[in-house]
Amino acid sequence: PVRESPPPPSQAAKRSAAWEVSEIMNERKSRSAATSLHEIAWNQRYNELVEYKRLNGDCLVPQTYKPNKKLGYWVMQQRRQYRLQSDGKRSSLDGRVGAKRKQLLDEIGFVWRATRTARRLCLPLNNEDNEREEIKCDISSSSDFEGYMVERSNELSDDEKRQIWLKRFDLFR
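Residues numbered from 1 in each chain as written. Predicted model: local features only at pLDDT ≥ 70, side-chain atom pairs only at ≥ 80, totals over all residues. Heavy atoms only, no water.

*Asks:* What is the right way to look at the overall build of the protein in this model?
*Replies:* Counting secondary structure elements, the protein contains five helices and two strands. Walking the protein from its N terminus toward its C terminus, one meets helices and strands in the order α-α-α-β-β-α-α. Within the span of the protein, comprising 173 residues, buried residues form 24% of the whole. The contacts in the protein between residues at least 6 apart in sequence include a share of 42% that link residues at least 24 apart. (Helix = DSSP H or I, 4+ residues; strand = E, 2+ residues; numbered from the N terminus. Buried < 20%, exposed > 50% of the residue type's maximum accessible area, 1.4 Å probe, protein only. Contact = heavy atoms within 4.5 Å.)

*Asks:* Mind showing me how you'd approach the packing of aromatic side chains here?
*Replies:* Both the distance between ring centres and the angle between the ring planes are used here to describe each pair of aromatic rings. One pass over the full model with this rule turns up five aromatic pairs. Pairing Trp-42 with Trp-74 gives two aromatic rings, centres 5.4 Å apart and planes at 65°, and the pair type is edge-to-face. On the criterion of sequence distance, the pair formed by Trp-42 in helix 1 (residues 11–56) and Trp-74 in helix 2 (residues 69–86) is long-range, its members being 32 residues apart. With respect to class, Trp-42 is no different from Trp-74; both count as buried. A centroid spacing of 5.1 Å and a plane angle of 90° characterise the contact between Tyr-52 and Tyr-65, whose relative ring orientation is edge-to-face. Taken together, the residues span a long stretch of sequence, with Tyr-52 in helix 1 and Tyr-65 in the loop between helix 1 and helix 2 at a distance of 13 residues. The exposure class of Tyr-52 is buried, given its relative accessible area of 9%. Through successive ring pairs, a cluster of aromatic residues spans Trp-42, Tyr-46 and Trp-74. (Phe/Tyr/Trp six-rings, centres within 6.5 Å; stacked < 30°, edge-to-face > 60°.)

*Asks:* Sorry, what's going on with the environment of Gln-81 here?
*Replies:* Structurally, Gln-81 is set in helix 2. Residue class for Gln-81 comes out buried when judged on its relative accessible area of 12%. Distance from Gln-81 to Ser-91, taken between C-alpha atoms, is 5.3 Å for residues ten residues apart in sequence. Beyond its immediate sequence surroundings of up to four residues, Gln-81 is in contact with Arg-90, Ser-91, Ser-92 and Leu-93.

*Asks:* What am I meant to see in helix 3 (residues 95–107) here?
*Replies:* With 13 residues, helix 3 extends 18 Å between its outermost C-alpha atoms, agreeing within 8% with the 18 Å of an ideal straight helix rising 1.5 Å per residue. Among the residues making up helix 3, those that are buried are Gly-98, Arg-101 and Leu-105. Buried residues of helix 3 fall within an arc of 60° about the axis and therefore sit on the same side. Away from its buried face, by an angle of more than 90 degrees, helix 3 presents the exposed residues Arg-96 and Glu-107. Just past helix 3, the residue Gly-109 takes up positive phi, approximately 80°. (Expected span 1.5 Å × (residues − 1). Arc of directions from axis to C-beta.)

*Asks:* Any chance you could explain the nonpolar core here in plain terms?
*Replies:* The nonpolar side chains of a soluble globular protein tend to be buried with one another. In terms of nonpolar packing, the biggest core is built from 15 residues, with Leu-49, Leu-71, Trp-74, Val-75, Leu-105 and Phe-110 touching the most fellow members. Listed by contribution, the elements that provide at least two residues to this core are helix 1 and helix 2. In this view, Leu-105 contacts Trp-42, Tyr-46, Leu-49, Trp-74, Gln-78, Phe-110 and Trp-112; residues no more than four positions away in its chain are not counted. (Core = buried A, V, L, I, M, F, W, Y, C linked by side-chain atoms within 4.5 Å.)

Printed below as a string of structure tokens:
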């Protein structure tokens, strides 16, 4: 049997196919533009981090870094991407570009897993003049706080314990 070639496409079909190709090309261009904007933003934050390290001696930018809130958020996101990659999930640190970014951050001493050292308010105690004062303490984990509370539980009223726990929770809002 002789196989006939399919009929030539109509003008409408040709326009439709051309439109699809055009849409694909436009999508690629916009992806490329978005990628380059993303690269520009990433490089800008990286340079800000290098400057932060020069001034402070480390890369431990607080999440709520008042002089540059975007930098604090960006650092948090880099750590998040690292955790995703460590868990075997998709991450911006995957691939050739991601590996280069990770290398750049490693070279400046970026801390991938930072421990939380939130300030918290400890117990109000009486000073020598029998006046109430707040003592500020640094702790690195909730277990330290809980241990502290257990140690001091006999010295505190229920109301004082409640106030301390409320202040503790306010720190993480």
